[in-house]
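# Topology and contacts: notes
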Amino acid sequence: MAGIKFDRVSKYFGKVAAIKEVEFEIQDKEFIVLVGPSGCGKSTLLRMIAGLEEISSGQLYIGGQLVNGLPPKSRDIAIVFQNYALYPHMTAYDNLAFGLKIRGLDKKTIREKVMEAARILEIEPLLNRKPKAMSGGQRQRVAIGRAIVRNPKVFLFDEPLSNLDAKLRGQMRLEIARLHQKLQTTIVYVTHDQVEAMTLGHRIVVLDRGEIQQIDTPQNLYNFPKNRFVAGFIGSPPMNFIEGSITENGEGLHFKDNSGQLSAPVASRPELDAYAGQAITMGVRPEHIHAQPEKGAAFYAAFSADIQLVERLGHESFAFASLHGQPIAARLGADEEVRPPCRMPLYIETGKMHFFDVQSGLRV
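Keep in mind that this is a model prediction, so the values were computed, not measured.

### Observations concerning the pairing of strand 8 (residues 186-191)
- Among the six residues of strand 8, six are classified as buried, and the element is accordingly described as predominantly covered.
- The alternating pattern of strand 8 places Thr186, Val188 and Val190 and Ile187, Tyr189 and Thr191 on opposite faces, both of which are buried.
- Where strand 3 (residues 31-35) meets strand 8, five bridges bridge the pair, whose relative direction is parallel. By the bridge assignment, isoleucine 32 is partnered in strand 8 with valine 188.
- Pairing geometry for strand 7 (residues 154-158) and strand 8, over five bridges, is parallel. Looking at the pairing, phenylalanine 157 lines up with tyrosine 189 of strand 8.

Laid out in structure tokens, this is it:
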């Protein structure tokens, strides 16, 4: 078993808290992703698992064993860094074999392990090359292979794709997902890229300023964000936020933005009823704002917005607009003819609106 348990783990650098009483468990064979903006503490959390950072307080368990005082070499983990960390004077084969030689394995066993890793990663043709003769993606495969040959309990990945171009990142995401399916081992993966997080993780840990904001499956994070931070961080383009208030009239509850240009009916429920007459933040994702009502959707609220820019991606386009000074992004059809700057009506699917408390940021 190679589950990982954080029991009120904190990390301080002087008086600065980088990690604040983190408490959660990673299951055996789970692929979990730590995600958040720069400085949120995700790499510090990973380095504490590896034993590269001391824990200031709390307990950390790997496979049921308390590892607070255990040196990195005794934790049975392997880590892959973003800068590959290959020995430039060695061939790929020697880079893969080096750690095994240090451990005193015989040549036959070393060759078997190296060739098996090379087969899994499809890098057999690279084994006689040195790093300078490889592309970035090939170097990263060798770095991953060096971790595989050790057959560790836990794989740690620290932003391994950040040095690659967009096409290679997409390819390597598939490779890493395929690798997990083959090896069936525990993987903890750190990234600032929420697309990587959404496509790779069984569960995602969203961090901000050293605190866990939400732990959930990718789909639940997207559909049911716990607070405004998660809602704005997960999704590309991010969720739109419109400041306004909940009003009540003879027809029920409505959300009205502060400019008075948008009025959207809201289904009554106890949590929202309590906000009648109060300020609230409404959130809606760009894909739920359209240039015209779509067939099959039940309810829409229309408003006019000033379109400032259209980003065309081939299969779809995004319009970036302003609603009385508040930025709005809307997804358009690929063939939608919009020529900014212009003013045009947009339609919000009212059943897709989220609401957040203005003070706490929590989802209502």
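### Observations regarding the sheet that holds strand 2 (residues 16-26)
- Across the sheet, four strands lie side by side as 2-1-4-5; this open sheet has antiparallel pairing. With partners counted over all chains shown, the strands left at the sheet margins are strand 2 and strand 5 (65-66), one partner each.
- Bridge count between strand 4 (residues 57-62) and strand 5: two bridges; the pairing is antiparallel. Bridged to tyrosine 61 within strand 5 is leucine 66.
- Across the sheet, helix 1 (residues 42-50) lies against strand 1 (4-13), strand 2 and strand 4, angled at about 115° from strand 1, the strand it touches most.

### Remarks on the packing of helix 4 (residues 136-148) against helix 5 (residues 166-183)
- With their axes 11 Å apart at the nearest point, helix 4 and helix 5 run at an angle of 20° to one another. As the angle between them shows, helix 4 and helix 5 are arranged roughly parallel. At the point where helix 4 passes helix 5, the crossing takes the right-handed sense. Residue-level contacts link Gly137, Gln140, Arg141, Ile144 and Ile148 of helix 4 to Leu168, Met172, Glu175, Ile176, Leu179 and Leu183 of helix 5.

### What to know about the nonpolar core
- Core analysis: the biggest nonpolar cluster contains 47 residues, and Val33, Val114, Ile144, Phe157 and Tyr189 have the highest contact counts within it.
- Considering every element that reaches this core, the biggest residue donor is helix 3 (residues 107-121), with six residues.
- Core analysis: the second largest hydrophobic core is formed by 32 residues, Ile280, Ile307, Ala319 and Leu323 among them.

### Quick look at the layout of surface pockets
- Its boundaries defined by the atoms lining it, the largest pocket holds a volume of some 640 Å³.
- As for the largest pocket, its lining consists of 21 residues, of which Ile77, Ile79, Gly99, Arg146 and Arg150 are closest to the centre.
- Secondary-structure elements contributing two or more residues to the lining of the largest pocket are strand 6 (77-80), helix 2 (92-102) and helix 4.
- In terms of residue class, the lining of the largest pocket is made up of 15 nonpolar, one polar and five charged.
- Gly351, Lys352, Met353, His354 and Arg363 are, among the 18 residues lining the second largest pocket, the residues nearest its centre.
- Among the elements of the structure, helix 7 (218-223), strand 13 (263-266) and strand 20 (354-356) are those that each provide at least two residues to the lining of the second largest pocket.

### Observations regarding unusual backbone geometry
- Between serine 236 and proline 237 the backbone carries a cis peptide bond, its omega angle lying at -5°.
- Residue position: proline 237 is located in the loop between helix 8 (228-233) and strand 11 (240-249).
- Residue proline 340 is joined to proline 341 through a cis peptide bond whose omega torsion reads 0°.
- Along the polypeptide, proline 341 turns up in the loop between strand 18 (326-332) and strand 19 (342-349).
- Even without glycine at this site, glutamate 122 takes up a positive phi of about 60°.
- A positive phi is found at asparagine 151, a non-glycine position, where the angle reads about 50°.
- Tracing the backbone shows asparagine 151 in the loop between helix 4 and strand 7.

Conventions used here
Residue indices begin from 1 for each chain and proceed along its sequence in written order. Given that the model is predicted, a residue must reach a pLDDT of at least 70 before its local features are reported, and side-chain atom pairs must reach 80 or more before they are shown or counted; all residues, however, enter totals for whole chains, interfaces and linings. The basis for every side-chain value is the complete set of heavy atoms in the structure, and neither hydrogens nor water enter the calculation. Summary of the burial criterion: residues with accessible area below 20% of their type's maximum are buried, those above 50% are exposed, and those between are partly exposed, where the area comes from a 1.4 Å probe applied to protein chains only. For the purposes of this entry, the term helix denotes a DSSP run of H or I that reaches at least four residues, the term strand denotes a run of E that reaches at least two, and both are numbered from the N terminus. By this definition, two strands are paired if DSSP reports at least two bridges between them. By the convention used here, residues are in contact when the closest approach between their heavy atoms is within 4.5 Å. Interaxial angles span 0 to 180 degrees and are taken between N-to-C directions of axes, which are lines fitted to C-alpha atoms, for helices over the stretch in contact. Roughly parallel refers to an angle under 35 degrees, roughly antiparallel to one over 145, roughly perpendicular to one between 65 and 115, and oblique to any angle outside these ranges. Less than a right angle of anticlockwise turn of the near helix away from the far helix marks a crossing as left-handed, whereas a clockwise turn marks it as right-handed. Each nonpolar core is a collection of buried residues, namely Ala, Val, Leu, Ile, Met, Phe, Trp, Tyr and Cys, held together in the definition by side-chain atoms within 4.5 Å. Cavities and pockets are defined on a 1 Å grid built over the protein atoms alone: a cavity is a set of grid points where a 1.4 Å probe fits but cannot escape, while a pocket is an open set with protein on both sides within 12 Å along at least five of seven lines, and lining residues are those with an atom within 4 Å of any such point. Grid points are joined across faces, edges and corners, and a volume is the space filled by probe spheres set on the points. Note on residue categories: nonpolar means Ala, Val, Leu, Ile, Met, Phe, Trp, Tyr, Cys or Pro, charged means Asp, Glu, Lys or Arg, and polar means any other residue, Gly included.

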